[in-house]
2 protein chains.
Amino acid sequence: MLNFTRKSDYALVALAKLAEGAKAGQPSLSAREIAEAYNLPLPLMMNVLKRLHRAGLIGSTRGVHGGYFLNEEPEHLRLAAVIEAIEGPLQVAVCCQSSSGAEAEQRTCRVTPVCPITGSIRRLNLQIRDLVNRYTLADLLAGLPDGAGFVAETDLVVSQSRTRATP
Amino acid sequence: MLNFTRKSDYALVALAKLAEGAKAGQPSLSAREIAEAYNLPLPLMMNVLKRLHRAGLIGSTRGVHGGYFLNEEPEHLRLAAVIEAIEGPLQVAVCCQSSSGAEAEQRTCRVTPVCPITGSIRRLNLQIRDLVNRYTLADLLAGLPDGAGFVAETDLVVSQSRTRATP
DNA sequence: TAAAATAGTACCTATATCGAACTATTTCAA
DNA sequence: TTGAAATAGTTCGATATAGGTACTATTTTA
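Residues numbered from 1 in each chain as written. Chains lettered and ligands numbered in written order. Predicted model: local features only at pLDDT ≥ 70, side-chain atom pairs only at ≥ 80, totals over all residues. Heavy atoms only, no water.

**Examining the nonpolar core**
Generally speaking, soluble globular proteins have nonpolar side chains that are buried together. Counting residues in hydrophobic clusters, the biggest one holds 98 residues, and the most contacted among them are L15(A), L52(A), I121(A), L15(B), L52(B) and I121(B). Here this core spans two domains, and each of domain 1 (1–88 + 136–167) and domain 2 (90–135) of chain A adds at least three residues to it. Setting aside its immediate chain neighbours within four residues, L52(A) contacts A11(A), L15(A), L57(A), I58(A), V82(A), A85(A) and I86(A). (Core = buried A, V, L, I, M, F, W, Y, C linked by side-chain atoms within 4.5 Å. Buried < 20%, exposed > 50% of the residue type's maximum accessible area, 1.4 Å probe, protein only. Domains from an automatic or database assignment. Contact = heavy atoms within 4.5 Å.)

Okay, structure coming up:
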C-alpha cells in the first residue's frame, strides 16, 4: 500500500548515522554500533548494511576495528538510490516494469492488454520516482521542505472552482 | 515496496469503465460487465466495487437491472481518494500516521523515539500524497503529462557530472 | 416466485517481509 | 600463532499482508 519496507527505513537511519559519524571524525561505524544506537536487532542491521555495501553506497573495512562508511557525500546520495538498493526498482504497479516489460506484464497483469490507464500509471510512476530521487541524504538530515513545492498554485483552485453547468 | 495493491489498480480501471459508460449514456454498469471487460474474476471485482461504494465514490442500484455509477464527475474524483478508499491512508512509513500517532508509533517502530529523520519522512509522505492527490480520474483517462514538471532541470545533471577529484 | 443484482462479512491461500542463523573470510592484537 | 571481532554471502523459518473466494442476506424486476 505504497509504503517503504522497514529495511529501507533502517537503511536510511543507518546512513544518517554514518553521515553524523563522518562529520564527527569517525572513520567508520560497525553494524553493532549502529544497531545499538537505534535499538534495532543486530542481524537485521547487518543484512541491511550488506545490501547497501553491495550496491556500492557504502564502503567497508573488515577485521577487528572494521565497519562501514559513506562512499559519497551526503549531498550526493539520493533517496531513490537507497530505496532501490534495498527493494529493487521503484514501481507503483506491475505495469511499470522498466526492463522490456511486454511479456512479463502479460504474465503478471490480466488487464494490461486492454487497460485504458497503463500509460498514465507509468507516468505517475515516473513522477513519484522523480520526487523520491529529488532529495538526498543531506536533505533528509537538514529537514525536507513541508510545502508541496511542486504543485502549481492553481491546481487545487481549478478543480474546486470548476462548477461548469452540465445541461 | 512503494506499490499500489492490485485492488487499487482494479478500482481505477473499474472507475475508468464507469466514466466511459456514463459518457456513452449508460446509467450504470454491473460488476459482471466490468469484470468481463477487463478479464478479472467477478468476486474480486464485486469486493472492490463494494469498497468504492462504501467510501461514497460510486453509487449503486440493486435488483435485476442494478449496477454502479459514478457519484462525481471524473474531473472531481481524485486518485488519492480512490487509493485510500481501498487501502486506507497513504503512508510511506509507520511514522506517518495521520491520527494521533504518538503511542501507536511507539508500538510499531522501535527507532522513532531516537529517529533523526522522522520529520523529513513525514514531509516526504505529504509530498507523495499531494502528488497522487493532484490528479483526477479525468486526468488518468486523458493521459498524465510525462514530464516530471516539478523536478528542477539541474537535478540529474548534477549527479552525473560530478567527477570531483578525490585525492 | 424466481432470477439477477448489490451488501456485508468471513475465510483460505500464496507471497513477501521480518528477522535470525550459518559458514567463510579478513584483520588486529595478545 | 591463535583468538576475537568484524564483514560477506547466503539460506531458512515465522509472521503479516495481499490476492482471491465463498457464504448469507437483501433488493428489485419480470
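**Quick word on the protein's contact with DNA strand D**
Of all residues adjacent to DNA strand D, which total 29 residues, the nearest are S60(A), R62(A), R6(B), N47(B) and R62(B). Per the 4 Å cut-off to the protein, sugar and phosphate atoms form 65% of the nearby atoms of DNA strand D. Within the side chain of H53(A), one N or O atom sits 3.2 Å away from a phosphate oxygen of DNA strand D. Contact between DNA strand D and R110(A): a phosphate oxygen at 3.1 Å from a side-chain N or O atom of the residue. When residues in the surface near DNA strand D are grouped by element, the largest group, five residues, is from helix α3 (residues 42–54) of chain A. Taken together, the residues of the surface near DNA strand D break down into 10 nonpolar, 11 polar and eight charged. (Near = heavy atom within 4 Å. Polar contact = N/O pair within 3.5 Å; in protein donor to acceptor, adjacent residues only side chain to side chain. Helix = DSSP H or I, 4+ residues; strand = E, 2+ residues; numbered from the N terminus. Nonpolar A, V, L, I, M, F, W, Y, C, P; charged D, E, K, R; others polar.)

**Structural notes on the interface of chain B and chain A**
Taken together, the contact pairs 62 residues of chain B with 63 residues of chain A. For the pair chain B and chain A, the summed buried surface comes to about 6000 Å²; carbon and sulfur atoms form 62% of the total. Viewed at the interface, chain A and chain B are joined by zero salt bridges. Run the count over chain B and chain A and you get 16 residue pairs in polar contact (both at pLDDT 80 or more). Looking at the side of chain B that touches chain A, the elements with two or more residues in it are α1 (6–23), α2 (31–38), α4 (79–87), α6 (118–134), α7 (137–142) and α8 (155–161) of chain B. Considering each element in turn, the side of chain B that touches chain A owes the most residues, 10 residues, to α6(B). Each residue belonging to the side of chain B that touches chain A can be placed in one class, and the counts come to 35 nonpolar, 11 polar and 16 charged. (Buried area = accessible area lost by both parts, 1.4 Å probe. Salt bridge = Lys/Arg side-chain N within 4 Å of Asp/Glu carboxyl O.)

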